[in-house]
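Chain by chain, the residues:
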Amino acid sequence: MDKETIDLGRLYHIREHAEICGVNYRTALNWVQLGEIDSVKIGRTYLIIGEKIQDRLNQKFMLY
């Protein structure tokens, strides 16, 4: 998965989110559980809209 191909309207699983952001699965899960990135929980699965992932990437690059 590539940062340039994020579909802003698609829902992504935590593992996909971690891969896109270049972080460990646990880090991405912690972001969701701490409310640092908005998500929807369906059963035991967290889903994140592509727009929120793009926002997170924009924040990450603005810090450096």
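Residues numbered from 1 in each chain as written. Predicted model: local features only at pLDDT ≥ 70, side-chain atom pairs only at ≥ 80, totals over all residues. Heavy atoms only, no water.

Novice: For this particular structure, what's the right way to read the environment of Ile53?
Specialist: Take Ile53: it is sitting in helix α3 (residues 50–62). A sequence separation of 45 residues divides Ile53 from Leu8, and the C-alpha atoms of the two residues are 8.2 Å apart. (Helix = DSSP H or I, 4+ residues; strand = E, 2+ residues; numbered from the N terminus.)

Novice: What is the right way to look at the environment of His17 in this model?
Specialist: As for its placement among the helices and strands, His17 is situated in helix α1 (residues 14–21). Distance from His17 to Ala28, taken between C-alpha atoms, is 6.8 Å for residues 11 residues apart in sequence. Those residues in contact with His17 that lie beyond four places of it in its chain are Ala28, Trp31, Ile37, Ile48 and Ile53. (Contact = heavy atoms within 4.5 Å.)

Novice: Honestly, the pattern of salt bridges in this entry has me stumped. Any pointers?
Specialist: For side chains of opposite charge, pairing can occur when their charged atoms come near one another. A complete count under the given rule lists three salt bridges for this structure. Across the pair Glu16 and Arg10 runs a salt bridge whose closest N-O atoms are separated by 2.6 Å. With a closest N to O distance of 3.5 Å, Asp38 and Lys52 form a salt bridge. Separated by 14 residues along the polypeptide, Asp38 in the loop between α2 (25–33) and β2 (40–42) and Lys52 in helix α3 bring together distant segments of the chain. Judged by its relative accessible area of 47%, Asp38 is partly exposed. (Salt bridge = Lys/Arg side-chain N within 4 Å of Asp/Glu carboxyl O. Buried < 20%, exposed > 50% of the residue type's maximum accessible area, 1.4 Å probe, protein only.)

Novice: What am I meant to see in α1 here?
Specialist: Owing to its 3.6 residues per turn, the α-helix aligns residues three or four sequence positions apart on the same side. Of all eight residues in α1, six are buried; the element is thus mostly enclosed. Inspection of α1 places Ile14, Glu16, His17, Ala18, Ile20 and Cys21 among the buried residues, and these make up the whole buried set. In the segment just after α1, Gly22 is the residue with positive phi, at about 70°.

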